Amino acid sequence: MNAKLWRFPGGLHLSGHKTESTRLPTQRARLPKRLTLPLHQHIGAEAKPVVAVGERVLKGQVIARAEGYVSAPVHASSSGTVIAAGDFPVPHPSGLSAPCIVIETDGAEQWCERHPTPDYTAQDPSHLRNLIREAGIVGLGGAGFPSFIKLNPLGKTVDTLILNAAECEPYITCDDMLMRERAAEIIHGIRIMRHALHAAHCIIGIEDNKPEAYAALVRALRELRIDGIQVIQVPTRYPAGGEKQLIHVLTGREVPSNGLPVHIGIVCHNVATAAAVHRAVQLGEPLISRYVTITGPGVPEPRNLEVLLGTPMAELLQQCGADPSSIGHLVMGGPMMGFSVHTSSAPVVKTTNCLLAAEHAPAVQAAMPCIRCGACAEACPANLLPQQLYWHAHAKEFDKAQNYNLFDCIECGCCAAVCPSHIPLVQYYRYAKGEIWTREREKQKADVARARHEFRLARLAQEKAEREARHAQKKAELAGKNAPRETAPH
Amino acid sequence: MQTSSSPHLHSAAPVSSVMLRVIYALIPGVIATIWFFGWGVAVNVMLAAIVALASEAVMLAARGRPIKPFLLDGSALVTAFLLALSLPPLAPWWITLIGTAFAIVVAKQLYGGLGCNPFNPAMAGYVVLLISFPREMTQWLAPETVSGHALSFAQAAQVIFSGAAPPGLTLDAVSAATPLDTLKTHLHLGETVEAARRASPVFGSLGGLGWEWINGLFLAGGLWMMYKKVITWHIPVALLGGLLVMSTAFHLFNGDAYVSPAFHLFSGAAMLGAFFIATDPVSACTTPRGKLYYGAGIGILTYIIRAWGGYPDGIAFAVLLMNMAAPLIDHYTQPRVFGHKK
């Protein structure tokens, strides 16, 4: 397909390390004895548990319901008994534990009642969004934003639906394998999404380092006789899979700073999300499993596994020939944007696309001073000046960092990867953003407190004025009563 | 379980290898300089290197900074090379010592060391010498092919460290003003460029005799650095462009009073300045557009100083002046951030 493509600024050519995990076909991961399901696997409010300890649950049954608009329910990934509800280790950069529901599986894999809607075309888009919401579907590319919200055009015209199949980070191949093996499911899901959005155009953007997946998608479109979905290969250059970058490459349009793709008539979803939408709507299956890439130098047989959500990471490492006790460094996500997991007992969650395991963390080279060489600025896909951001973040001049558009940083890690002084630049930006948020929260709090204080002063003043007025009145009344007596003639 | 912060991948060569590549790129030009102006150049480079490393070590210790990583980063060596290559080939040893020590101690370490100096240390050292010791700093050598005398390494070292000429030779016999200097003197006397070039043997076909080769090889080293992505094209192209535009305009206006652009590009420190001195990232502009203004500013100022100023070459002053302007230029040349209005 010879579509016109655009080029985003900066970016890096990284060695892919993708062939390691694409040699073997995807396999179902073994059913674990215990499933640990965190209540917070998405962006938004934590889900509210609706099952009690000791209760028997069926596969696909809701165990926690969405709380508020931006939230997602959690389902039992297999049948069994709820044996605990409380704080357990979860994959999070902080390493803290978080509320989870633990299910002891019974091995029966007994489904709850499913309500498939094979003919989605007869359905109202809002009904489809409801089905998708109730299925607990969130962005499977890694962000975890509830998908039904991004399927609601909110009165805006969406002219293009973009499916993100770029998978630009090294090592990760879960979308690649899903496209190779389940292209038809993805296509069905895309059609549902398109129906919900009334999008005129639809493009699947895929990096040109995945020829098999590309061929599978094209073949599926031909076999299903579906027109109007374009599959476009984009040059492999990190971070081509960043939402803003992919949109720019495919359409030449830039998502405005502080804006959303829908503001320029575009909605972007991940291909794995599309497959999940298909299963939710047409098969009635909620999101209870996903493809996960198990790879890295510490994994003897790297491959993709179809994993039930809640499965401990250690079991997956074992299934790929690794001894979990010998893994000293485990990253969830890719090497550029993933984060270190503190324990391999943490479960796979909705946003777990890849586990990158090694015996040791990469050696940390001591940071040297910034020599302002500008390599970071050349690599920055947002066209920022990372050297200036660093300078101001380092000096804690956060307002100046903000003037240099700190909040346009997508934390892709390109700057830090090319820094000859080995400065952990992204860490500085995260720190600066966190400080600015904290200050803003504190300022808001202070504003509220001040307003309250001012109101109190005004109230006291008013009360005092009223009291004085009452006194004066009383005095006047008393004076009025006494006066005749005093002035009475003897 | 060990933890690390993303990105977990690093592909960058360290600062020390960046600096090492700068030194590799200098070598062809250094060899040419030695070829034309004798072993004194090599003595100066070695002396400057020793003084630079020693001053760096002393200052790091005094500032309580780790010595090894900063001594091995190579930045002090680059400063030593750049300064030594700007000095007269038989400059007395204390000239090299004072200049290098000033560059490292004052211009670099007192400002906070690597990455913190607002001025190019080598040029700061050079300008201190030029202002303080004008006689020693303008006594250049004639190319060996002109003077007919070739000093051995030992003889050159003897001159540098004792100030005495080897037996049977006077320093006047081997020294001559640089082509830029000679030209300036002749033009001051009201002669034409052509007459000046005929009158003195120090001129070559493009620039000064020998200087055109030296500049050519620094140009080659600079292009290699661009190829290796040690530097970007912006500053050298803008600098040489500025010099070229100015010299072409005035040469076309009056060819008798203003020498040809080729002479300007292949004389003095033009190529060394464009590729090695002005590109010092610490003291230069850092935005792509800012680098263009910065380079062009140096090129134009160099021409102004060469044509009408009191000094024969102007690279050092031009670099320091633009160093001062760099933060301001950076402020006004920020690139358009992705997603912001065009």
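Since we're looking at a predicted model, the values are computed, not measured.

Our next topic: the overall build of chain B. Scanning chain B from terminus to terminus reveals 18 helices and zero strands. For chain B, whose C-alpha radius of gyration is 21 Å, the value lies close to the compact-globule estimate of 20 Å for 342 residues. Overall, chain B is about 75 × 50 × 30 Å in size when its C-alpha atoms are taken along their principal axes. Excluding contacts between residues fewer than 6 apart, the proportion of contacts in chain B whose partners are at least 24 apart in sequence is 76%.

What chain A contains, in helices and strands, is 11 helices and 17 strands. Within chain A, buried positions represent 51% of all 490 residues.

So, about helix α6 (residues 121-132) of chain B. All names here are of chain B. A rise of 1.5 Å per residue sets the reference length of α6, with its 12 residues, at 16 Å; its end C-alpha atoms lie 17 Å apart and thus fit the reference within 8%. Every buried residue belonging to α6 is among Pro121, Ala122, Met123, Ala124, Gly125, Tyr126, Val127 and Leu129, and all of these are buried. Buried residues belonging to α6 abut α4 (75-86), α5 (93-108), α7 (134-138), α16 (270-277) and α18 (315-332).

How big an interface is tends to be reported as the loss of accessible area on association of its parts. Each partner contributes to the interface: chain A provides 53 residues, whereas chain B provides 33 residues. For the side of chain A that touches chain B, the secondary-structure elements that each account for two or more residues are β15 (329-332), β16 (339-341), α7 (375-379), α10 (414-418) and α11 (425-486) of chain A. Looking at the side of chain A that touches chain B, its residues break down into 32 nonpolar, 17 polar and four charged.

What follows concerns the domain arrangement of chain A. Residue and element names in this part refer to chain A. In terms of domain boundaries, chain A breaks down into domain 1 (19-30 + 118-307) and domain 2 (369-490). Listed as interface residues are five residues of domain 1 and, on the opposing side, five residues of domain 2. Its residues assigned to classes, the side of domain 1 that touches domain 2 shows two nonpolar, three polar and no charged.

All names here are of chain A. A rise of 1.5 Å per residue sets the reference length of helix α5 (residues 271-282), with its 12 residues, at 16 Å; its end C-alpha atoms lie 16 Å apart and thus fit the reference within 8%. Burial analysis of α5 places 11 of its 12 residues in the buried class, the great majority of the element. In the segment just after α5, Gly284 is the residue with positive phi, at about 75°.

Another point: the pairing of strand β7 (residues 80-89) of chain A. All names here are of chain A. By the bridge criterion, two bridges tie strand β4 (residues 56-57) to β7 in an arrangement that is antiparallel. Each bridged residue has a counterpart across the sheet, and for Arg56 the counterpart in β7 is Thr81. Both β7 and strand β8 (residues 97-105) contribute to a ladder of nine bridges, which runs antiparallel. Its bridge partner being in β8, Thr81 is matched across the sheet by Glu104.

Residue and element names in this part refer to chain A. Taken in spatial order, the four strands line up as β11-β10-β9-β12 in an open sheet, and their pairing is parallel. Lying at the two open borders of the sheet, with one neighbouring strand each, are β11 (230-234) and β12 (266-270). Sheet twist, expressed as the mean angle between neighbouring strand axes with direction ignored, is 25°. With five bridges joining them, strand β9 (residues 160-165) and β12 adopt parallel strand pairing. Counterpart to Thr160 in the pairing with β12 is Ile266. Here helix α3 (residues 211-223) sits on the sheet and contacts β9, β10 (201-207) and β11; the angle it forms with β11, its principal contact strand, is near 165°.

Residues and elements named next belong to chain B. Between helix α1 (residues 15-37) and helix α2 (residues 40-62), whose axes approach to 7 Å, the crossing angle comes to 135°. It follows that α1 is oblique to α2 by the angle criterion. Packed against α1, whose contacting residues are Val30, Thr33, Ile34 and Phe37, the element α2 presents Gly40, Val41, Ala42 and Val45 at the interface. In the contact of α1 with α2, the residues fall into six nonpolar, two polar and no charged.

Attention now goes to the pairing of β10(A). The side chains of a regular strand alternate, residue by residue, between the two faces of the sheet. Residue and element names in this part refer to chain A. Taking burial as the measure, the seven residues of β10 include five buried ones, the bulk of the element. Read as a crossover between parallel neighbours, the route from β9 over helix α2 (residues 174-197) to β10 is right-handed. Where β10 and β11 come together, five bridges link them in parallel fashion. Counterpart to Glu207 in the pairing with β11 is Val234. As for the winding sense of the linkage, the β-α-β connection from β10 through α3 to β11 is right-handed.

Residues and elements named next belong to chain A. Taken together, the three strands give an open sheet; going across it, the order is β3-β5-β6, and neighbouring strands pair in antiparallel fashion. Edge positions in the sheet fall to β3 (48-49) and β6 (74-75), since each of these pairs with one other strand and no more. For strand β5 (residues 62-65) and β6, the ladder comprises two bridges, and the chain directions are antiparallel. By the bridge assignment, Ala64 is partnered in β6 with Val74.

This part is about the environment of Thr96(B). Residues and elements named next belong to chain B. Looking at the element boundaries, Thr96 is found in helix α5. Sequence-wise, Thr96 and Pro166 are 70 residues apart; in three dimensions their C-alpha atoms are separated by 21 Å. In this structure Thr96 touches Asn44, Leu47, Ala48, Val51, Ala84, Leu87 and Ala91, once residues within four positions along its chain are discounted.

What counts, and at which threshold
Residues numbered from 1 in each chain as written. Chains lettered and ligands numbered in written order. Predicted model: local features only at pLDDT ≥ 70, side-chain atom pairs only at ≥ 80, totals over all residues. Helix = DSSP H or I, 4+ residues; strand = E, 2+ residues; numbered from the N terminus. Rg over C-alpha atoms; globule rule 2.2 N^0.38 Å. Contact = placed C-beta atoms within 7 Å. Buried ≥ 20, exposed ≤ 12 C-beta atoms within 10 Å, placed from the backbone. Expected span 1.5 Å × (residues − 1). Nonpolar A, V, L, I, M, F, W, Y, C, P; charged D, E, K, R; others polar. Domains from an automatic or database assignment. Pairing = 2+ DSSP bridges. Axes fitted to C-alpha atoms, helices over the stretch in contact; angles between N-to-C directions. Parallel < 35°, antiparallel > 145°, perpendicular 65-115°, else oblique. Right-handed = clockwise from strand over helix to strand, strands pointing away.

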